[in-house]
Number of protein chains: 2
Amino acid sequence: MPRLAGVATISFARGIPAPECLPVSELADCAKEALERDGSVALSYGSTLGYAPLREWLAERHGVEPGRVLVTNGSLQAFHFVLEAVGGEGRGVLVERPTYDRPRKILAAAGVELGEIPVDADGLDVDALERVEGPPAAFLYTIPTFQNPTGSTLSPDRRGRLAELVRSRRLPVLEDDPYGLVRFEGDPLPSVFELEGGIDVMYSSSFSKTIAPGLRVGYAIVPEALASELEDLVASTYITPALLAQATVYEFLRRGLFEPNLERVRGLLRARRDAMLEALDRELDGRARWNRPEGGYFLWLELPGGADAAELLTHAAEGGVTFVPGVDFGGQPNSMRLAFSFVSPAEIDEGVRRLAGLLAATPAAV
Amino acid sequence: MPRLAGVATISFARGIPAPECLPVSELADCAKEALERDGSVALSYGSTLGYAPLREWLAERHGVEPGRVLVTNGSLQAFHFVLEAVGGEGRGVLVERPTYDRPRKILAAAGVELGEIPVDADGLDVDALERVEGPPAAFLYTIPTFQNPTGSTLSPDRRGRLAELVRSRRLPVLEDDPYGLVRFEGDPLPSVFELEGGIDVMYSSSFSKTIAPGLRVGYAIVPEALASELEDLVASTYITPALLAQATVYEFLRRGLFEPNLERVRGLLRARRDAMLEALDRELDGRARWNRPEGGYFLWLELPGGADAAELLTHAAEGGVTFVPGVDFGGQPNSMRLAFSFVSPAEIDEGVRRLAGLLAATPAAV
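All values derive from a computational prediction rather than experimental measurement.

A look at the interface of chain A and chain B
In this complex, chain A contributes 43 residues to the contact, which on the side of chain B involves 43 residues. When the buried area of chain A at its contact with chain B is split by residue, Leu43(A), Tyr45(A) and Arg216(A) rank highest and sum to 20% of it. The shortest N-O distance in the salt bridge between Asp29(B) and Lys32(A) comes to 3.3 Å. Here the element with the most residues in the side of chain A that touches chain B is helix 1 (residues 24–42) of chain A; it accounts for 11 residues. For the side of chain A that touches chain B, a count of residues per class yields 24 nonpolar, 13 polar and six charged.

Description of the relation of the copies chain A and chain B
There are two copies of the chain, and a rotation about an axis plus a shift along that axis relates them. When chain A is fitted to chain B, the residual RMSD is 0.0 Å, and the transformation amounts to a turn of 180° plus an axial shift of 0.0 Å. On this basis, the relationship between the two copies can be described by a two-fold rotation axis. Among all residues of chain A, the minimum C-alpha distance to the rotation axis is found for Lys32(A), at 2.7 Å. Interface overlap between copies is the fraction of interface residues in one copy that are interface residues in the other; for chain A against chain B it reaches 100%, indicating a shared surface.

Here's the deal with the sheet that holds strand 9 (residues 217–221) of chain B
In sheet architecture, strand pairing relies on hydrogen bonds along the backbone and comes in two forms, parallel and antiparallel. Residue and element names in this part refer to chain B. The mixed open sheet is built from eight strands, whose spatial order is 2-9-8-7-6-3-4-5. The open sheet has two free edges, formed respectively by strand 2 (69–73) and strand 5 (123–124), since each of these has just one partner strand. As defined by bridge partners, strand 8 (residues 201–206) adjoins strand 9 across four bridges and the pair is classed as antiparallel. Within strand 9, the position partnered with Tyr203 by the bridge is Ile221. Across the face of the sheet, helix 9 (residues 224–238) comes into contact with strand 2 and strand 8 while running at roughly 20° to strand 2.

Let's talk about the environment of Arg287(B)
Residues and elements named next belong to chain B. With respect to the element layout, Arg287 can be found in the loop between helix 11 (258–284) and strand 10 (289–290). When its relative accessible area of 34% is taken as the criterion, Arg287 is described as partly exposed. Along the primary structure Arg287 and Pro304 are separated by 17 residues, whereas in three dimensions their C-alpha atoms are 7.1 Å apart. Discounting residues that sit within four places of it in the chain, Arg287 has contacts with Pro304, Ala356, Leu359 and Ala360. At 3.2 Å, the side chain of Arg287 and the backbone oxygen of Glu283 are in polar contact.

Side note on the packing of helix 11 of chain B against helix 14 (residues 345–361) of chain B
Residue and element names in this part refer to chain B. The geometry of helix 11 relative to helix 14 is characterised by a closest axis approach of 8 Å and an angle of 30° between their N-to-C directions. Regarding the angle of helix 11 to helix 14, the classification is roughly parallel. You can see that helix 11 and helix 14 cross each other, and the crossing is right-handed. Side by side, helix 11 and helix 14 meet where Ala271, Arg272, Ala275, Met276, Ala279, Leu280, Arg282, Glu283 and Leu284 of the first sit next to Pro345, Ile348, Asp349, Val352, Arg353, Leu355, Ala356 and Leu359 of the second.

Some details on the nonpolar core
Ranked by internal contacts, the top residues of the largest apolar core, which has 102 residues, are Leu54(A), Phe207(A), Leu215(A), Leu54(B), Phe207(B) and Leu215(B). When residues no more than four places from it in sequence are discounted, the contact partners of Phe207(A) are Leu54(A), Trp57(A), Leu58(A), Ala212(A), Val217(A), Tyr219(A), Val249(A), Leu253(A) and Phe258(A).

Quick word on the sheet that holds strand 7 (residues 173–176) of chain A
Residue and element names in this part refer to chain A. Sheet architecture is open: eight strands sit in the order 2-9-8-7-6-3-4-5, paired in mixed fashion. The open sheet has two free edges, formed respectively by strand 2 (69–73) and strand 5 (123–124), since each of these has just one partner strand. Strand direction decides the pairing type here: strand 3 (residues 93–97) and strand 6 (residues 139–142), joined by three bridges, are parallel. Directly across from Leu94, in strand 6, lies its bridge partner Leu140.

Rules used in this analysis
- The residue numbering used here restarts from 1 in each chain and proceeds along that chain's sequence as written.
- All chains are assigned letters beginning with A, and all ligands numbers beginning with 1, in the order in which they are written.
- The model is predicted, so local features are restricted to residues of pLDDT at least 70 and side-chain atom pairs to those at 80 or more, both for listing and for counting; the totals for chains, interfaces and linings are taken over all residues.
- Hydrogens and water molecules were not included; the side-chain quantities draw on all heavy atoms of the structure.
- We call two residues in contact whenever any of their non-hydrogen atoms come within 4.5 Å of each other.
- The term buried area denotes the loss of accessible surface (1.4 Å probe radius) that occurs when two parts are joined, taken as the sum for both partners.
- Here, a salt bridge means any Lys or Arg side-chain nitrogen found within 4 Å of an Asp or Glu carboxyl oxygen.
- Helix and strand labels come from DSSP, where a helix needs a run of H or I of at least four residues and a strand needs a run of E of at least two; each type is numbered from the N terminus.
- Throughout, the ten residues Ala, Val, Leu, Ile, Met, Phe, Trp, Tyr, Cys and Pro are labelled nonpolar, Asp, Glu, Lys and Arg are labelled charged, and all others, Gly among them, are labelled polar.
- When the copies are superposed, the least-squares fit takes in the C-alpha atoms of residues with a pLDDT of at least 70 in both.
- In this analysis, strands are considered paired if DSSP registers two or more bridges between them.
- For helices, the fitted line uses only the C-alpha atoms of the stretch in contact; every axis is such a line through C-alpha atoms, and the angle between N-to-C directions lies from 0 to 180 degrees.
- Relative accessibility under 20% of the residue-type maximum defines a buried residue, over 50% an exposed one, and the middle range a partly exposed one, all with a 1.4 Å probe and only protein chains included.
- N or O atoms within 3.5 Å of each other form a polar contact, as long as, within protein, one can give a hydrogen and the other can take it, and as long as residues adjacent in sequence are counted only when both atoms are side-chain atoms.
- These descriptions rest on fixed angle ranges, namely under 35 degrees for roughly parallel, over 145 for roughly antiparallel, 65 to 115 for roughly perpendicular, and the rest for oblique.
- Take the far helix as the reference: if the near one is turned anticlockwise from it by less than a right angle, the crossing is left-handed, and if turned clockwise, right-handed.
- Among buried residues, the Ala, Val, Leu, Ile, Met, Phe, Trp, Tyr and Cys ones that are joined through side-chain atoms within 4.5 Å form a nonpolar core.

As structure tokens, this is what we get:
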């Protein structure tokens, strides 16, 4: 196809919020107030497991003791800590397939054996998990709600069965839930953490999708004994987390800005998802399949069997649109992740048009 | 000795700045301005190797390309990255003895073999380094200026010889220099990085001692190829560093607040060092030996041979004063680190009086 000269590429690759999602001026005020009110704490060492008022807020929200809350520089850092503390290196870790590429890479780099459990339209295949044999894994890493990369959500029935399975097998789980609050339709589902009671299920989330990713404020709820154990590891990694951002988030919460901001962000993302679904219906009906996530950042698109999304991507720059091939997440070659979070609804419309053009122009890949 | 009932312990253990060192209200203004001016960058993902304007400022200050500057969540995090990238695990790392306890622990936890080079009143014993044989170490970790824990500074002569040795042997060095700018008397010395030209010497420092530790803004200057290599490792660790703090530091620098703040901090620390030296002269003359650092946070005190500072510490709570025994840093049993950075001059005076009382009351330890 002809190269789109001088036209900016439209990114369905970047799983980041659109700039208008970021509550910039509110955060500017909150940062100032946070330092004026509690600067001597926020600007000093200490608070190894996170800014105390924020730990308390999170503890109350999740109905746990503050001693179980670990606030980190983004939730990926919490994943590292849990992995190191739980000792995944020796025992293998169960993950979804496909799943978020960063944990996959971290586990591979650490030489951890992966046990992969398929994800379908209803989320993690709990039957397949039940059939897993061999020595017990260190833990199961799962993203049950608006999963990265598929946008799939674990169904209510499977949630209950997963919680039961965890109870009966004492299988440790790390439930990663960064997108759960970014639901723009349908009823919220209980987390696996809630259903199981938070005994063997650990829970991680962050304010990256609900306030701003650059703040790098993530957290994990772990057993209290593990939190104490982690104190040394955290101190040995960075002494103290980034407290200015944590105190700023706390101020944002304290002012009651969180829920209204979440409503605003949900609206912005819903408009983007709708734009993507409409454009896909118009441009690709019958030529590909995709899902309809009720929240989050992503949808999952499958080309006809035999198609190669990675090959297609090599032509993407010419086509003026980009995405992440499913294989990067452990998915099938004919799949791709489309992020609707970053670009505007108009750009989404145009981007899907370009994607359709790209598909039409590169039959070898399809 | 009688327990000091109801009296707060005076800490010579905490190597942190006194609360009055922290420029709280200036930072509050800077945080607000930083977000208002550049919030869409500071609040989003990206900037893996650090906030670009801050990287440029640091590059100019150190006379290097911005591509060589890695800004991290505190400089300890930079130590981890360098260790992992340079592959210290397989080859051993040279460190000073005594040295900063956190890197010692990190290296021990990673199973890295330590080659230890003594430190004396003139800093690292370069003759001893020259005599080291066997397969080359991955790198030498050194704190040449106002070292943690001893407060020793590498003499001008030894600096030149170390730079020469690095050149002739191509020995990689990580020069950690968090205290260099906190000099309150004497002329500044060139860094080993400057003397050697920054070929095999990497340099790390932070704004923890010059602005505020809770900001967690540290940095390393590394070869450009290494910086590119580190991009993946950094992204895989925390995606993006804590940009709000980095943008706040940049705003502080941009407003010209750095040098005046440094002068203020130097004055506060000088008064503390002076109070400690005066009190030691008065209370412990002839009963212990100590040095007179021209900057930094610490001095090093040696009890008579045969004394046991760790044993003494077990009585410290009763004595109302605390410190870190030298053995925690790899030092001799009769040594201790006294931090004059945290408590007030009046508390320092009282704390040394208590320390003298503790020594008098526990002859078994001395």
